[in-house]
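So you can see what is in the structure, the chains are spelled out below.
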Amino acid sequence: MTVRLHWFLPTGGDGRTLVDRHAYGPGTARKVSGVRAPDLDYLAQIAKAAERLGFEAVLTPTGTWCEDAWLTTVALAQHTERLKFLVAFRPGLLSPTLAAQMASTYQRLTGGRLLLNVVTGGDSAEQRRFGDRLDHDRRYARTDEFLSVVRGVWRGAPYDFDGEHYQIEGGLTALPPDPVPQLFFGGSSPAAGPVAARHADVYLTWGEPPAQVKEKIDWIRSLAEREERTVRFGVRLHTISRDSAAEAWASANRLLDDLDADTVAAAQAALGRSESVGQQRMLALHGGSRDKLEIHPNLWAGVGLVRGGAGTALVGSHAEVADRIEEYHALGVEHFVLSGYPHLEEAYWFGEGVIPELAARGLLAGEAVSGGAPLLVASGR
């Protein structure tokens, strides 16, 4: 099992701080220092950098505060050659038969470069913005049915399904996807585990300390065995990698410079209302305090003080970051979905610093080893 590396597309905006999100408004980006609107030119820079540095795919988020993942990535596919797109989407917001058709079309338009990240949704307020009023556990039950329909429709023959949430008669894709997209799936609640076991190709968790990640791996693996399936595993992390550990920690600490106590308290209150078990586990890693943010060697929980979702970062020298990746890999983690602020510069730091370390250890798949870095590097070193 080799390490498979993926980067992130900040379709909600990018910048040099942790509090820059949504600083651009409808129509025209507000002129806020250090903030970058997610226009096609900038996202194409990140996608091209990721491709050239050897990343296999880029994750695109889903939700109110970002651009639509399907439309954005199919546009970016025209600016890249081999890079895959891990498109996040929410079951229940569209027909499963239509989703299956969209994925099939995407594969033909891009030459098979689609991966799917299934986001059931852990925040009822966010779901209601899209007209979805199901509670947390019923959303996972609907996701279970949704993915059953999608996989059934992909078989290429008329497919019937009679469930609580979907009744499908003769659903099909006339031209099934080739290849069938891999399904990435996350969720830490009791309702999520069985769904992952039945449908996920890759179970994706946020970057908790290795002992906690191992508990999740063991949990999902045991559930999958009951379904007579094999599930692979991935972890979602930020990275701050530099030529020395001191430089990396200085960069991490600078991200906290503009976070006053009121900003952190407001963010923690908002995040605390989330129904997501994974989000609550992220919050528990730091408890809203700046003290002891290094919760495991080179694993820093500072991002989660103000941002939801992935709240931890690997911080250290290139060799130290590679050490931590190797530690997770030894537990059974194959896919690493990474990001950093700003995403363009941090892609280069990781690609030119950590990827050679991983390659020297024989951990990388062929595409990452052969990716290669440009002669001229991004600013900000």
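Owing to the predicted nature of the structure, the values given are computational and were not obtained by experimental measurement.

> Can you tell me about the overall build of the protein chain, naming the residues and giving the values?
Within the protein chain, the regular secondary structure consists of 13 helices and 15 strands. Relative to the compact-globule value of 21 Å for 381 residues, the protein chain shows a C-alpha radius of gyration of 20 Å, a close match. Once local pairs closer than 6 in sequence are excluded, the contacts in the protein chain between residues at least 24 apart make up 74%. As presented, the protein chain carries roughly 15700 Å² of accessible surface, and 51% of it is formed by carbon and sulfur atoms. The averaged location of the 47 negative side-chain charges in the protein chain is 2 Å from the averaged location of its 39 positive side-chain charges.

> Can you explain the environment of Gly-54? Please cite residues and give values.
Structurally, Gly-54 is set in the loop between α1 (40-53) and β4 (57-60). The class for Gly-54 is buried, based on a relative accessible area of 2%. Along the chain, Gly-54 and Ala-267 lie 213 residues apart, while their C-alpha atoms are 35 Å from each other.

> Requested: an account of the packing of α1 against helix α2 (residues 69-76), with residues and values cited.
α2 packs onto α1 with a crossing angle of 65° between their chain directions and a minimal axis gap of 10 Å. The angle between α1 and α2 places the two elements in the roughly perpendicular class. Regarding α1 and α2, the two cross each other, and that crossing is right-handed. In this structure, α1 contributes Leu-40, Leu-43 and Ala-44 to the contact, and α2 contributes Thr-72, Ala-75 and Leu-76. For the contact of α1 with α2, the per-class residue count stands at 5 nonpolar, 1 polar and no charged.

> Tell me about the pattern of salt bridges, residues and numbers included.
Summed over the entire model, instances satisfying the criterion amount to 19 salt bridges. Glu-345 is paired through a salt bridge with Arg-36; the nearest N and O atoms lie 2.9 Å apart. Taken as a pair, Glu-345 in helix α12 (residues 343-360) and Arg-36 in strand β3 (residues 35-36) lie far apart in primary sequence, 309 residues in all. Here Glu-208 makes a salt bridge to Lys-216, at a shortest N to O gap of 3.4 Å.

> Help me get a handle on the packing of aromatic side chains, residues and values and all.
The tally for this structure, following the rule as stated, stands at 8 aromatic pairs. Note on Trp-7 and Phe-55: the rings are 5.3 Å apart at their centroids and 45° apart in plane angle, and the pair reads as tilted. Of this pair, Trp-7 sits in strand β1 (residues 4-8) while Phe-55 sits in the loop between α1 and β4, placing them 48 residues apart in sequence. A residue is classified by how much of its surface remains accessible, and Trp-7, at 0% relative accessible area, is buried.

> Help me get a handle on helix α11 (residues 318-331), residues and values and all.
Under the 1.5 Å per step criterion, the end-to-end length of α11 is 21 Å for 14 residues, consistent within 8% with the ideal 20 Å. For α11, the complete set of buried residues consists of His-318, Val-321, Ala-322, Arg-324, Ile-325, Tyr-328 and His-329. Seen end-on, α11 carries its buried residues on one side only, within an arc spanning 160°. Two residues or fewer after α11 comes Gly-332, characterised by a positive phi angle close to 120°.

> Please set out the nonpolar core residue by residue, giving values where relevant.
It is characteristic of soluble globular proteins that their nonpolar side chains tend to be buried jointly. Counting residues in hydrophobic clusters, the biggest one holds 75 residues, and the most contacted among them are Leu-5 and Phe-350. The greatest single-element share of this core, amounting to 8 residues, is contributed by α1. When sequence neighbours within four positions are dropped, the list of residues in contact with Leu-5 reads Phe-55, Glu-56, Ala-57, Phe-336, Leu-338, Phe-350, Ile-355, Leu-358 and Leu-364. Ala-252, Trp-300, Leu-305 and Val-315 belong to the second-largest nonpolar core, a separate cluster that totals 20 residues.

> A description of α12 should follow, citing residues and the corresponding values.
Helical geometry note: an α-helix holds 3.6 residues per turn, so side chains three or four residues apart project in the same direction. Taking 1.5 Å of rise per residue, 18 residues should cover 26 Å, and α12 covers 24 Å from first to last C-alpha, within 8% of that figure. Of all bends in α12, the biggest is about 30°, found at Val-354, and the proline Pro-356 comes one to four residues later. Burial within α12 is extensive, with 13 of its 18 residues counted as buried.

Scoring rules and cut-offs
Residues numbered from 1 in each chain as written. Predicted model: local features only at pLDDT ≥ 70, side-chain atom pairs only at ≥ 80, totals over all residues. Heavy atoms only, no water. Helix = DSSP H or I, 4+ residues; strand = E, 2+ residues; numbered from the N terminus. Rg over C-alpha atoms; globule rule 2.2 N^0.38 Å. Contact = heavy atoms within 4.5 Å. Areas by Shrake-Rupley, 256 points an atom, 1.4 Å probe, with all protein chains shown as cover. Lys, Arg positive; Asp, Glu negative; His and termini not counted. Charge placed at Lys NZ, Arg CZ, Asp CG, Glu CD. Buried < 20%, exposed > 50% of the residue type's maximum accessible area, 1.4 Å probe, protein only. Axes fitted to C-alpha atoms, helices over the stretch in contact; angles between N-to-C directions. Parallel < 35°, antiparallel > 145°, perpendicular 65-115°, else oblique. Left-handed = near helix turned anticlockwise from the far one by under 90°. Nonpolar A, V, L, I, M, F, W, Y, C, P; charged D, E, K, R; others polar. Salt bridge = Lys/Arg side-chain N within 4 Å of Asp/Glu carboxyl O. Phe/Tyr/Trp six-rings, centres within 6.5 Å; stacked < 30°, edge-to-face > 60°. Expected span 1.5 Å × (residues − 1). Arc of directions from axis to C-beta. Core = buried A, V, L, I, M, F, W, Y, C linked by side-chain atoms within 4.5 Å. Bend = angle between axes of the 7 residues up to and from the residue.

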